[in-house]
Amino acid sequence: HSATPVSIDRQGRIVVEERLREFAHIAPSSKVVVTGNIDRVELWNDGVYREIAERSRAEMAAVL
């Protein structure tokens, strides 16, 4: 629901809207994880991504 179409400029850059940067906790000095999702790209704050990934691994381990 937060997806936004963007264009890549001649130098290979994209502009991420401020509201999406705030939602994703991405600041100019943030480490960012870029993941592929079929025909989409997702940008994650590194710390948030690691937290969610660890929680998911723990939930999967509990099921198995």
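That block above? That's the structure.
Described below are features of the structure shown in this document. (Residues numbered from 1 in each chain as written. Predicted model: local features only at pLDDT ≥ 70, side-chain atom pairs only at ≥ 80, totals over all residues. Heavy atoms only, no water.)

**Side note on the overall build of the protein**
Where we set the bar: For the purposes of this entry, the term helix denotes a DSSP run of H or I that reaches at least four residues, the term strand denotes a run of E that reaches at least two, and both are numbered from the N terminus. Here the term buried applies to any residue with accessible area under 20% of the maximum for its type, exposed to any over 50%, and partly exposed to those in between, with areas from a 1.4 Å probe on protein chains only. Residue contacts are defined here by distance: any two heavy atoms, one from each residue, within 4.5 Å place the two residues in contact. Reported accessibility uses the Shrake-Rupley method at a 1.4 Å probe radius. Residues are deemed covered only where the shown protein chains occlude them. Counted charges follow a simple rule, with Lys and Arg positive, Asp and Glu negative, and His plus the chain ends left uncounted. Lysine's charge is taken at NZ, arginine's at CZ, aspartate's at CG and glutamate's at CD.
Within the protein, the regular secondary structure consists of two helices and two strands. Secondary structure of the protein in N-to-C order comes out as α-β-β-α. Along the three orthogonal principal directions, the C-alpha set of the protein runs to about 45 × 25 × 20 Å. Across the 64 residues in the protein, those meeting the buried criterion constitute 12%. Within the protein, residue pairs in contact and separated by at least 24 positions form 5% of the contacts whose partners lie at least 6 positions apart. Roughly 5,800 Å² of accessible area belongs to the protein as shown, and the carbon and sulfur atoms make up 56% of that amount. Side-chain charges of the protein comprise 9 positive and 10 negative groups, with the mean position of each set lying 5 Å from the other.

**A word on the layout of surface pockets**
Put simply, the rule reads: Put simply, the grid is 1 Å and covers the protein atoms alone, a cavity is a trapped set of points that fit a 1.4 Å probe, a pocket is an open set with protein on both sides within 12 Å along at least five of seven lines, and lining residues have an atom within 4 Å of a point. Grid points are joined across faces, edges and corners, and a volume is the space filled by probe spheres set on the points. Polar here means any residue outside two lists: the nonpolar Ala, Val, Leu, Ile, Met, Phe, Trp, Tyr, Cys and Pro, and the charged Asp, Glu, Lys and Arg; Gly therefore counts as polar.
A volume near 790 Å³ is recorded for the largest pocket. In this structure, the largest pocket is lined by 26 residues; those nearest its centre are Ala3, Thr4, Val41, Glu42 and Leu43. Those elements that place two or more of their residues in the lining of the largest pocket are α1 (18–23) and β2 (40–45). Residue contributions to the lining of the largest pocket peak at six residues, all from β2. Split by residue class, the lining of the largest pocket holds 15 nonpolar, six polar and five charged.

**What about the pattern of salt bridges?**
Close approach of charged atoms allows side chains with opposite charge to pair. Where we set the bar: Every case where a carboxyl oxygen of Asp or Glu lies within 4 Å of a side-chain nitrogen of Lys or Arg is listed as a salt bridge.
This model, assessed by the stated rule, comprises six salt bridges. Residues Arg40 and Asp39 are paired through a salt bridge, measuring 3.1 Å at the closest nitrogen-oxygen approach. Under the relative-accessibility criterion, Asp39 is labelled exposed at 61%. Note that Glu54 and Arg57 form a salt bridge whose closest N and O atoms lie 3.2 Å from each other. Of this pair, Glu54 and Arg57 are both found in helix α2 (residues 46–63), three residues apart, which corresponds to roughly one turn of the helix.

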